[in-house]
Amino acid sequence: MSVFQPRAVPTPALTMFPAVRGSNLNGRPFELPGDFEGERNLVILAFQREQHALVDSWSPAIANLLARYADLRFYELPTIRRGNPLFRAWLDSAMRGGIADRQARDHTITLYLDKAAFREALGLLHEDTIYLLVLDRGGHVLWRGQGEYTERVGRELERVLAEGL
């Protein structure tokens, strides 16, 4: 008869943000994660148009965090399946027209890619909600949250940033 012996399980390596290309809504090209500008970068990934309300629910908390942490930058990444170039140009134009604030367009980088492969690389199970990631300058995922802003998740994000992770 064998007896179960507990064993140490190695801590998994930090997830890396995959290499992707996109452009912000002002037309500036980005190669991510290398072009993220902060020592720490807060990224919101949205996969569906209807998720904009979820993204907006984080706006006050993000503004507060950006004011408090000089090394933090924020990016919103609408993540869309690859389409033909005319579709992409039309969609970018429509999104640009819907966002009057130049600074908001600066930090909104549209990604046209294989969404399933992208999600798999980040360990995201589905597209039914938004995901928030805190990345270091090298693209390592330091923290992950999801969904609409709640005080509990907001406090968890605040704790991670305050601890300097």
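Residues numbered from 1 in each chain as written. Predicted model: local features only at pLDDT ≥ 70, side-chain atom pairs only at ≥ 80, totals over all residues. Heavy atoms only, no water.

Trainee: Please set out the pattern of salt bridges residue by residue, giving values where relevant.
Mentor: The final tally for this structure, using the stated rule, is 10 salt bridges. One salt bridge in this structure joins aspartate 71 and arginine 40, with 2.8 Å as the shortest N-O distance. Here the residue aspartate 71 occupies a position in the loop between helix H2 (59–68) and strand S4 (72–81), and arginine 40 occupies one in strand S3 (residues 40–46), the gap between them amounting to 31 residues. The class for aspartate 71 is partly exposed, based on a relative accessible area of 26%. Overall, the relative accessible area of 7% leaves arginine 40 in the buried class. A salt bridge links arginine 155 to glutamate 151; the nearest nitrogen and oxygen atoms lie 3.7 Å apart. Linking arginine 155 with glutamate 151, this pair stays in helix H6 (residues 151–162), spanning 4 residues, or about one helical turn. (Salt bridge = Lys/Arg side-chain N within 4 Å of Asp/Glu carboxyl O. Helix = DSSP H or I, 4+ residues; strand = E, 2+ residues; numbered from the N terminus. Buried < 20%, exposed > 50% of the residue type's maximum accessible area, 1.4 Å probe, protein only.)

Trainee: Can you explain the packing of aromatic side chains? Please cite residues and give values.
Mentor: By convention here, two paired aromatic rings are described through the distance between centres and the angle between planes. Counted according to the given criterion, the structure contains 6 aromatic pairs. Measuring from ring centre to ring centre gives 6.5 Å for phenylalanine 30 and tyrosine 75, while their planes differ by 75 degrees; the resulting arrangement is edge-to-face. On the criterion of sequence distance, the pair formed by phenylalanine 30 in strand S2 (residues 29–32) and tyrosine 75 in strand S4 is long-range, its members being 45 residues apart. Consider the rings of phenylalanine 36 and tyrosine 75, whose centres lie 4.9 Å apart with planes at 55 degrees: the pair is tilted. Of the two residues, phenylalanine 36 is situated in the loop between S2 and S3 and tyrosine 75 in strand S4; the sequence distance between them amounts to 39 residues. (Phe/Tyr/Trp six-rings, centres within 6.5 Å; stacked < 30°, edge-to-face > 60°.)

Trainee: Got a sec to walk through the confidence of the model for the protein? Specific residues and values, please.
Mentor: Detail in the predicted coordinates should be disregarded across regions flagged by low pLDDT. Mean pLDDT over the protein: 85, with 79% of residues reaching 70 or higher. Across the protein, the secondary-structure element scoring lowest on mean pLDDT is helix H3 (residues 85–98), at 58, and the one scoring highest is S3, at 98. Contacts of residues 1–12 to residues separated by more than four positions or lying in other chains number 0 contacts, the stretch itself having pLDDT below 50. (pLDDT = per-residue confidence, 0-100. Contact = heavy atoms within 4.5 Å.)

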